[in-house]
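# Topology and contacts: notes
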Amino acid sequence: MADTQHTPGRLQARLIAGLWRALADWRPASLWRLARMTGPLVQLGSRRERRVTRINLAQAYPDCPEGERRRLARRSLVHSSATMLELGLAWMGEPDRVEASILEVHGRELLDEARAEGRGVIVLAPHFGNWEVLNFWLSGHFPFTAMYEPPKLAPLDPIIRGGRERRGAELVPTNPRGVAALLKALKRGETVGILPDQTPSWGSGVFAPFFGRQAYTATLLPKLVARTEARVVTGVARRVRGRGFALHFLAADERVYSSDETTSAAGVNACVEAAIALDPVQYQWEYKRYRKTPEQLEGRADWKRFRVYK
């Protein structure tokens, strides 16, 4: 009975892994053309993603005409499709080919200067462009540690883990043991990666503005900075006209260094906004960033009335 129950998950994982392997040797330009061809079809079957993307864009750009926001939503979902198609390249493609797909690197001096001073570097890597390509580059050029949570489809775990670790990255769990590993890496003057735009569990964050609306934001960063004096940098891998990627490393908003968690969280969200400004359509807007509300935390009886995603 157990095997029967798990067969659909194994089959789905096998199909996804097979797609990644089949596309691993494709050039970025070919993958981008495929995303543009299949993106509209994917969107037809992705009602939830379409709806959440439009809601988030309306929040972020309220003065933008609705027609323009819908165009942005369509383009954003094509980029999300491209990210999924590019995972085979990032995780399974020949390393030299993946490296060659990185056409430009901007702001590397921010990483080198911190390391020259003996300081660790915390890279805030929002869901923009292809963050797996960013992980590939970072782990190939610096001692690199990042938190990792196994996927819901367990059979994909060895593929994803192997892809992220193949250049030497150390993956640590999303628990106190993982936080301890990040601290040790930073004290050694190494580089660590943090996803700054995921909603943490209750008790692990504070509310801070993100595009003018309060978003529950993780407070891990100020804890790491306070104990290590690490430099904070925002990093993204931006698609360049479908030909490859440009890496951008941006100096963090100074508020991230504050010992006050709310102030630091506001700085983190400002960093994400600055990265999005590079090309808003490359951000993964389909994530429910405003899922938690201050009214919910306060225990108000009518908190559901304040939900963004009805």
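Notes on the structure in this doc start here.

The rules behind the values
- Residues numbered from 1 in each chain as written.
- Predicted model: local features only at pLDDT ≥ 70, side-chain atom pairs only at ≥ 80, totals over all residues.
- Heavy atoms only, no water.
- Pairing = 2+ DSSP bridges.
- Helix = DSSP H or I, 4+ residues; strand = E, 2+ residues; numbered from the N terminus.
- Axes fitted to C-alpha atoms, helices over the stretch in contact; angles between N-to-C directions.
- Contact = heavy atoms within 4.5 Å.
- Phe/Tyr/Trp six-rings, centres within 6.5 Å; stacked < 30°, edge-to-face > 60°.
- Buried < 20%, exposed > 50% of the residue type's maximum accessible area, 1.4 Å probe, protein only.
- Lys NZ or Arg CZ within 6 Å of the ring centre and 35° of its normal.
- Core = buried A, V, L, I, M, F, W, Y, C linked by side-chain atoms within 4.5 Å.
- Salt bridge = Lys/Arg side-chain N within 4 Å of Asp/Glu carboxyl O.
- Parallel < 35°, antiparallel > 145°, perpendicular 65-115°, else oblique.
- Left-handed = near helix turned anticlockwise from the far one by under 90°.
- Nonpolar A, V, L, I, M, F, W, Y, C, P; charged D, E, K, R; others polar.
- Lys, Arg positive; Asp, Glu negative; His and termini not counted.
- Polar contact = N/O pair within 3.5 Å; in protein donor to acceptor, adjacent residues only side chain to side chain.

### Quick look at the sheet that holds strand β3 (residues 144-148)
Taken in spatial order, the seven strands of this open sheet run β1-β9-β8-β2-β5-β3-β4, and their pairing is mixed. Both edges of this open sheet fall to β1 (102-106) and β4 (170-173), since each of them pairs with a single strand only. For this sheet the average axis-to-axis angle between neighbouring strands, irrespective of direction, equals 25°. By the bridge criterion, seven bridges tie strand β8 (residues 231-239) to strand β9 (residues 245-251) in an arrangement that is antiparallel. When the bridges of β9 are listed, Val236 appears paired with His248. Running at roughly 165° to strand β2 (residues 121-124), helix α10 (residues 220-228) makes contact with β2, β3, β5 (191-194) and β8 of the sheet. Against the sheet, helix α11 (residues 261-276) touches β2, β8 and β9, its axis set at about 30° to β8.

### Considerations on the packing of aromatic side chains
How two aromatic rings sit relative to each other is set out by the distance from centre to centre and by the angle between their planes. Counted under the stated rule, the structure contains twelve aromatic pairs. Ring plane angle 55° and centroid distance 5.0 Å describe the contact between Phe207 and Tyr216, whose orientation is recorded as tilted. In this structure, Phe207 and Tyr216 share a single accessibility class: buried. Taken together, a centroid distance of 5.0 Å and an interplanar angle of 80° make the contact between Tyr283 and Trp285 edge-to-face. Every member of this aromatic cluster is reached through a ring pair, and the members are Tyr61, Phe210, Phe211, Tyr283, Trp285 and Tyr290. Stacked on the ring of Trp202, the Lys or Arg Lys292 has its end atom at 5.2 Å from the ring centre.

### A short note on the nonpolar core
Taken as a class, soluble globular proteins show a tendency for nonpolar side chains to be buried jointly. The biggest cluster of nonpolar side chains holds 32 residues, and the ones touching the most others in it are Leu111, Trp137, Leu138, Leu156 and Phe249. Broken down by element, the residue count for this core peaks at four residues, all from helix α7 (residues 131-141). Not counting chain neighbours up to four residues away, the residues in contact with Leu138 comprise Leu111, Val123, Phe144 and Phe249.

### Digging into the environment of Ala181
The residue Ala181 is located in helix α9 (residues 176-187) in this model. Residue classification places Ala181 among the buried residues on the basis of a relative accessible area of 19%. Note: C-alpha distance between Ala181 and Val192 (eleven residues apart in sequence) is 9.7 Å.

### Describing α10
Those residues of α10 that fall on the buried side of the exposure criterion are Leu220, Leu221, Pro222, Leu224, Val225 and Thr228. Once α10 ends, the next one or two residues include Glu229, with phi positive near 55°.

### Concerning the pairing of β8
Buried residues dominate β8, accounting for nine of its nine residues. Here β8 shows no split at all, with Arg231, Val233, Gly235, Ala237 and Arg239 on one side and Val232, Thr234, Val236 and Arg238 on the other all buried. Here four bridges tie β2 to β8, and the two strands are oriented parallel to one another. Across the sheet, residue Val123 finds its bridge partner in β8, namely Val233.

### Describing the pairing of strand β6 (residues 205-210)
Across the six residues that make up β6, a large majority, five, are buried. Looking at chain direction, β6 and strand β7 (residues 213-218) are connected through six bridges and run antiparallel. Within β7, the position partnered with Phe210 by the bridge is Arg213. Connecting β6 to the antiparallel partner β7 that follows it, the hairpin turn spans two residues, and Phe211 within it adopts a positive phi of roughly 55°.

### Some thoughts on the pattern of salt bridges
With the rule as written, the count across this model stands at 16 salt bridges. Glu190 is the salt-bridge partner of Arg188, the closest N and O atoms lying 3.0 Å from each other. Under the relative-accessibility criterion, Glu190 is labelled buried at 15%. Between Lys223 and Glu261 there is a salt bridge; the shortest N-O distance is 2.9 Å.

### Here we look at the environment of Ala169
Along the chain, Ala169 turns up in the loop between α8 (157-165) and β4. When the C-alpha positions of Ala169 and Thr293 are compared, they lie 35 Å apart, and in sequence the two are 124 residues distant. What Ala169 contacts, discounting residues up to four positions off in sequence, is Ser139, Phe144 and Arg164.

### Digging into the packing of helix α4 (residues 66-92) against α7
In the contact formed by α4 and α7, the axes pass within 9 Å of each other and the chain directions differ by 20°. Regarding the angle of α4 to α7, the classification is roughly parallel. Here the hand of the crossing between α4 and α7 comes out left-handed. Taken together, the residues of α7 that come into contact with α4 (itself represented by Thr83, Leu87, Ala90 and Trp91) are Trp131, Glu132, Val133 and Phe136. Classifying every residue of the contact of α4 with α7 gives six nonpolar, one polar and one charged.

### Description of the side chain of Arg289
With respect to the element layout, Arg289 can be found in the loop between α11 and α12 (294-298). Of the side chains with opposite charge, Asp197 comes closest to the buried, unpaired Arg289, at an N-O distance of 6.2 Å. A distance of 3.1 Å separates a polar atom in the side chain of Arg289 from a polar atom in the side chain of Thr217. With sequence-adjacent residues up to four places away left out, Arg289 is seen in contact with Pro196, Asp197, Thr199, Phe210, Ala215, Tyr216, Thr217, Asn269 and Tyr309.

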